[in-house]
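What follows is each chain in one-letter form.
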Amino acid sequence: MPLERSATMRVETADLAIVGGGPAGLGAAVTAAGSGARVVVLDEAPAAGGRLSLQVREERGPDGTIAKKPGRLESRALADAAAAAGARIITGASVWGLFPEWELYLAPSDPADPGRIPDLVRAKAVVLATGAAQNPLAIPGWTLPGVITAGAAQALANVHRVRPGRRAVVVGADPLGLTAARDLVLAGVEVTAVLPAAPGRYVIGPSRPEEIIRNLARFSAHSPGAGARLAGRLVERTGIAGLAARLYPAGGVAIWGTRLVLNRAVTAIVGDGAVRAVMVAAMDADGRPHTDRQEEWPVDTVVTSAGLAPIVELAQMAGCQTAHVPALGGHVPLYGPDLRTTVPGVFVAGSMAGITAAPVAVAQGHLAGTAAAAFLGLLSPRAATDRLSAAATAVAQARRQNPSFLPDDAGGLRRMEEMWRRTLPDDDKTTTTGR
Ligand SMILES: Cc1cc2nc3c(=O)[nH]c(=O)nc-3n(C[C@H](O)[C@H](O)[C@H](O)COP(=O)(O)OP(=O)(O)OC[C@H]3O[C@@H](n4cnc5c(N)ncnc54)[C@H](O)[C@@H]3O)c2cc1C
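1. Thoughts on the site of the ligand
Near the ligand lie 33 residues; those nearest to it are Ala24, Asp43, Arg51, Val95 and Ser351. Between a nitrogen atom of the ligand and a main-chain N or O atom of Glu44, the distance comes to 3.0 Å. At a separation of 2.9 Å, a nitrogen atom of the ligand approaches a polar backbone atom of Val95. Relative to its unbound accessible surface of 960 Å², the ligand loses 92% to contact with the protein. Counting only elements with at least two residues in the shell around the ligand, the list comes to helix H1 (23-34), strand S2 (39-43), strand S6 (93-99), strand S9 (132-134), helix H3 (150-159), helix H4 (175-186) and helix H9 (358-375). Of the residues forming the shell around the ligand, the biggest block, three residues, is contributed by S6. Per-domain counts for the shell around the ligand show at least three residues from each of domain 1 (11-133 + 308-428) and domain 2 (137-304).

2. A few points about the sheet that holds strand S16 (residues 277-283)
The three strands lie next to each other as S15-S16-S17, forming an open sheet whose pairing is antiparallel. Edge positions in the sheet fall to strand S15 (264-270) and strand S17 (289-298), since each has one partner strand and no second. Mean inter-strand twist for the sheet, computed between neighbouring axes without regard to direction, equals 30 degrees. One ladder, built from seven bridges, connects S16 with S17; its direction is antiparallel. Bridge pairing links Ala277 to Pro298 in S17.

3. Here we look at the packing of H3 against H4
Contact geometry for H3 and H4: axes closest at 9 Å, N-to-C directions at 25 degrees. Regarding the angle of H3 to H4, the classification is roughly parallel. Considering the relative orientation of H3 and H4, their crossing is left-handed. Listed contacts from H4 to Ala150, Ala153, Gln154, Ala157 and Asn158 of H3 are Leu176, Thr179, Ala180, Asp183 and Leu184.

4. Some details on the pattern of salt bridges
Taken as a whole, this structure holds 16 salt bridges when the rule is applied. One salt bridge in this structure joins Lys124 and Asp15, with 3.0 Å as the shortest N-O distance. On the criterion of sequence distance, the pair formed by Lys124 in strand S8 (residues 120-128) and Asp15 in strand S1 (residues 11-19) is long-range, its members being 109 residues apart. With relative accessibility at 52%, the residue Lys124 sits in the exposed group. Arg399 serves as the salt-bridge partner of Asp409, at 3.7 Å between the closest nitrogen and oxygen. Of this pair, Asp409 sits in helix H11 (residues 409-423) while Arg399 sits in helix H10 (residues 381-401), placing them ten residues apart in sequence. We note that Asp409, like Arg399, is buried. Among the ionic contacts, a cluster of salt bridges with common partners joins Asp15, Arg38 and Lys124.

5. Description of the pairing of S15
In terms of residue burial, S15 counts as a mostly covered element, since five of its seven residues are buried. Looking at chain direction, S15 and S16 are connected through six bridges and run antiparallel. Across the sheet, the residue bridging to Ile269 is Val278, located in S16. Hairpin geometry of S15 and S16 is characterised by an intervening segment of six residues between the two adjacent antiparallel strands and by a positive phi of about 90 degrees at Gly273.

6. Digging into the side chain of Ser35
Its place among the elements puts Ser35 in the loop between H1 and S2. Not counting residues up to four positions away in its chain, the partners in contact with Ser35 are Ala373, Leu378, Leu379 and Arg387.

So, how was this worked out
Residues numbered from 1 in each chain as written. Predicted model: local features only at pLDDT ≥ 70, side-chain atom pairs only at ≥ 80, totals over all residues. Heavy atoms only, no water. Near = heavy atom within 4 Å. Polar contact = N/O pair within 3.5 Å; in protein donor to acceptor, adjacent residues only side chain to side chain. Areas by Shrake-Rupley, 256 points an atom, 1.4 Å probe, with all protein chains shown as cover. Helix = DSSP H or I, 4+ residues; strand = E, 2+ residues; numbered from the N terminus. Domains from an automatic or database assignment. Pairing = 2+ DSSP bridges. Axes fitted to C-alpha atoms, helices over the stretch in contact; angles between N-to-C directions. Parallel < 35°, antiparallel > 145°, perpendicular 65-115°, else oblique. Left-handed = near helix turned anticlockwise from the far one by under 90°. Contact = heavy atoms within 4.5 Å. Salt bridge = Lys/Arg side-chain N within 4 Å of Asp/Glu carboxyl O. Buried < 20%, exposed > 50% of the residue type's maximum accessible area, 1.4 Å probe, protein only.

Listed below in structure tokens is the structure:
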């Protein structure tokens, strides 16, 4: 049922409302606005750019050299391109409600800043590009001051140029944990090690050395990052991840000014009012911690990384069907080859549709923006077919060049294709390929 509206509400109208001004939302804005749609991008952060603004990405050039690319410059260029195409970007605006055809209710992110943003945006179509959230790592002591997530570490080190502490340990031996460790080392923090959490009821993600090596090795096949490549080389040299896990050096392997340690695991974080140390137990190659052989490592900061989960609440509110697909990061909306959902006029893109890297999110944004423009009747049928096909090909290419943080996103995408085919009536199934 639509909410009651007061006469004093500030209402703005658009053809297309995009929720999320990260790489996916901005990509969609560039394409849809470029096709003639009146586009409004809404983001609750103080500036557009999403998680890309926090990252320092590495890209391999055609000659094999590796260049560091500050994400904040890339995201600013994307926001400039969206604005140049005619999109209006409203930041500091949190979308808390999405009601059919289509009303988006906003609240200012900063309550001291009322009146700057509209209360309500009415649009004919919506692209949801809300990104992902970090999973908590609930081990004993995880609520102590001094425990921060990998994303917070990236924001402090790369955006605010603040060292969160003097000596840190990263708990979570995955690509995001390694990336955060590198960013902290560059910021001048002593990072004792990157190591897994001991397996436990509330611990998400692999703890067994073999699984961790497999995950990092898969990532390393594409990543120009030295740390990720290293784990890959270990596997290449020894043939299989199981053997690599057994041969793994006791003191860990040096990476980016820290150590990747796989035969020890953090069992608890300790301190009185603030982090003082982590408890570290020896772990065998089968991932069993030996708590009788524990030692205390003094640190003042603990960075956790336990994977990412898509943010899908607004899709659920819009009535989109969702499914639990762990291979894509958790609950995701069902979507078709052109990123339409089960609700006409609602499209998705980026990590909220399955955790993905920034370049893939941008390409998905272009695809969703094209599909939304076609839905709005701004493209001829011929132009729509051609552009959708080109945009889908670009997504597939971006996926080949930038693997997701997830070990089996290809399996997740196959599952999505199957579910989509089963969900829709036969005459609504399209054959466009690539997601
Ligand atoms: C903490 C973290 C660290 C990451 N680090 C890396 C990395 O180092 N390398 C890498 O390749 N990938 C990383 N990723 C993956 C990341 O999701 C992609 O790189 C990329 O940013 C995805 O783009 P996106 O546009 O889908 O989402 P995001 O970049 O997350 O953008 C989503 C935007 O939606 C906005 N938003 C969400 N909900 C609302 C709402 N209700 N109202 C208004 N605005 C809303 C957010 O403010 C955000 O700006 C990271 C992800 C996270 C969560």
